[in-house]
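# Working through the structure, step by step
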Amino acid sequence: MNLEKIFSNKDKIYIFYCDKGAMSLVICEKMSGLGYICKTVVGGFEAYKGMCVIN
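We now turn to the structure provided with this report.

Attention now moves to the packing of aromatic side chains. Per the counting criterion, the structure on display carries four aromatic pairs. A centroid spacing of 6.0 Å and a plane angle of 70 degrees characterise the contact between Tyr14 and Tyr36, whose relative ring orientation is edge-to-face. Here Tyr36 lies in the loop between helix H2 (22–33) and strand S2 (37–40) and Tyr14 lies in strand S1 (residues 13–16), a separation of 22 residues in the sequence. The exposure classification of Tyr14 matches that of Tyr36, with both residues buried. Site record: aromatic cluster; members linked through ring pairs are Phe7, Tyr14, Phe16 and Tyr36. The aromatic ring of Tyr36 is capped on one face by Lys10, whose charged end is 5.2 Å from the ring centroid.

With seven residues, the main nonpolar core is built from Phe7, Tyr14, Phe16, Cys28, Met31, Tyr36 and Cys38. Every element with two or more residues in this core is listed here: S1 and H2. Apart from residues lying up to four places away in sequence, Phe16 is in contact with Phe7, Ser24, Ile27, Met31, Cys38, Lys39, Thr40 and Val41.

Turning our attention to H2. Along an α-helix, residues three or four apart share an orientation, since each turn contains 3.6 residues. Taking 1.5 Å per residue, 12 residues should reach 16 Å; H2 reaches 17 Å between its end C-alpha atoms and fits that length. In the segment just after H2, Gly35 is the residue with positive phi, at about 100 degrees.

Basis of the calculations
All residue numbers refer to position in the chain's written sequence, counted from 1. Per-residue local features of the predicted model are confined to residues with pLDDT of at least 70, and side-chain atom pairs are confined, for both listing and counting, to 80 or more; whole-chain, interface and lining totals are unaffected and use all residues. Note that the side-chain values use all heavy atoms of the structure and ignore hydrogens as well as water. Two aromatic rings, drawn from Phe, Tyr or Trp (for Trp, its six-membered ring), form a pair once their centres lie within 6.5 Å of each other, and the interplanar angle then sorts them: stacked below 30 degrees, edge-to-face above 60, tilted otherwise. Helix and strand definitions follow DSSP, with helices as H or I runs of at least four residues and strands as E runs of at least two, each counted in order from the N terminus. Accessibility here uses a 1.4 Å probe with only protein chains present; expressed as a share of the type maximum, an area under 20% marks a residue as buried, one over 50% as exposed, and anything in between as partly exposed. By definition here, charges over rings are those cases where NZ of Lys or CZ of Arg is within 6 Å of the ring centre and within 35 degrees of the ring normal. In these notes, a set of buried Ala, Val, Leu, Ile, Met, Phe, Trp, Tyr and Cys residues joined through side-chain atoms within 4.5 Å is what counts as a nonpolar core. Residue contacts are defined here by distance: any two heavy atoms, one from each residue, within 4.5 Å place the two residues in contact. Multiply 1.5 Å by the residue count of a helix minus one, and that product is the helix's expected span.

Pasting the structure below:
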């Protein structure tokens, strides 16, 4: 997968999540290494108990 082709804007903050947090952590680490600003939800959907923010 060519991440730089899919995510062309390195000035945006990308948020990744999955059910338990493992896969989103892997992709976030890879993208951070490529110069992207990204966040992940630790523990995924199963651990998340906060509010959703929609912009």
